[in-house]
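# Chain and residue survey
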Amino acid sequence: MRGGRSDAQPYVSIMAVLVAMLAFTLFLYLNYDEIFKEKTPQMENPHKSGTQADGGSLTSTDTEAKSEEKGLQKVCGNGVREDEEECDKDDLGGMNCKAIGFDDGVLGCYWNCTFNTSGCYRYVCGNGVTEPGEVCDGEDLGNETCKTFGFLYGSLSCLTDCSGFDVSGCTNTSSGSLCGNGIIDEGEECDGANVGNKTCQSIGYLYGILVCLPNCQGYDASGCSNKV
Ligand SMILES: [Ca+2]
Ligand SMILES: [Ca+2]
Ligand SMILES: [Ca+2]
């Protein structure tokens, strides 16, 4: 029994030491863990506490900045006109052709966010189209004729500055002064060398040049012949 006891004592001692070491280790571990937990925040605190201290505002500011950046990414092509962009896709910033100096038209936007003015235009006297500010333009006389102005015959025209009609070509006599102007006016079959679509051939001859009678009321076939 004694021998057993004396044999067991070293084991007990060893066990006690082991338990003590285990406890110490556990203690160290717990302590270390606590220290580690304290140190870690302390290590990061200078940053985190700073961030968190200003934190509420900084974080929200950052968020706002990011959201602003997302919203305000000054990117041409996002469909939102921003800052130095004249436009962005359909966003013309409320501008139109008239606003940028044209008279009319449809303003567009290029891919590089600059205005596409190819659809804009200015009113021009001489383009043959009666536009605002013009009474007429070239051949565009609207529905007006010499008769509108009380004449019986003649050709109404437009003043070169588009400001009004030119009635100098209008007359009340069918074979008046308009015969000889080279234009087949109302009441004239032809005028001088202007014989319309008529030719010697069209009136039965083979050769020659058809001309108009001096009074513009018919054709002079004296230049026509069936022989070369
Ligand atoms: Ca944009
Ligand atoms: Ca015009
Ligand atoms: Ca004439």
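Residues numbered from 1 in each chain as written. Chains lettered and ligands numbered in written order. Predicted model: local features only at pLDDT ≥ 70, side-chain atom pairs only at ≥ 80, totals over all residues.

## Looking at the overall build of the chain
Of regular secondary structure, the chain possesses two helices and 12 strands. Reading the secondary structure of the chain in the N-to-C direction produces α-α-β-β-β-β-β-β-β-β-β-β-β-β. Among the 228 residues that make up the chain, the fraction classed as buried is 14%. (Helix = DSSP H or I, 4+ residues; strand = E, 2+ residues; numbered from the N terminus. Buried ≥ 20, exposed ≤ 12 C-beta atoms within 10 Å, placed from the backbone.)

## Things to note about the nonpolar core
Core analysis: the biggest nonpolar cluster contains 12 residues, these being C146, Y153, C170, L178, C179, C190, V195, C200, L210, C212, C216 and Y219. Ignoring any residue separated from it by four or fewer positions in sequence, one finds L210 in contact with V195, K198, T199, C200, I203, Y219, A221, G223 and C224. C125, C158, C162 and F165 belong to the second largest nonpolar core, which has five residues in total. (Core = buried A, V, L, I, M, F, W, Y, C linked by C-beta atoms within 7 Å. Contact = placed C-beta atoms within 7 Å.)

## Some points on the environment of G142
By the secondary structure assignment, G142 is in the loop between β4 (120–121) and β5 (153–154). Residues G142 and T130 lie 12 residues apart in sequence; the distance between their C-alpha atoms is 7.8 Å. Leave out the neighbours within four places in its chain, and G142 touches T130 and C136.

## With respect to the environment of N78
Along the chain, the position of N78 falls in the loop between α2 (55–72) and β1 (104–105). What makes N78 partly exposed here is the crowd of 16 C-beta atoms within 10 Å. The spatial distance from the C-alpha of N78 to the C-alpha of D91 is 9.7 Å, given a sequence separation of 13 residues.

## What about unusual backbone geometry?
Despite not being glycine, K89 has its phi angle at roughly 55°, a positive value. By the secondary structure assignment, K89 is in the loop between α2 and β1.

## Some thoughts on the confidence of the model for the chain
With 72% of its residues at a pLDDT of 70 or more, the chain has an overall mean of 79. Contacts from residues 38–67, a stretch scored under 50 in pLDDT, to residues over four places away or in other chains number one contact. (pLDDT = per-residue confidence, 0-100.)

## Here we look at the environment of E144
Looking at the element boundaries, E144 is found in the loop between β4 and β5. E144 gets classed as partly exposed once you count the C-beta atoms within 10 Å, which come to 14. Each C-alpha atom, one on E144 and one on F165, is 8.9 Å from the other, the two residues being 21 residues apart in sequence.

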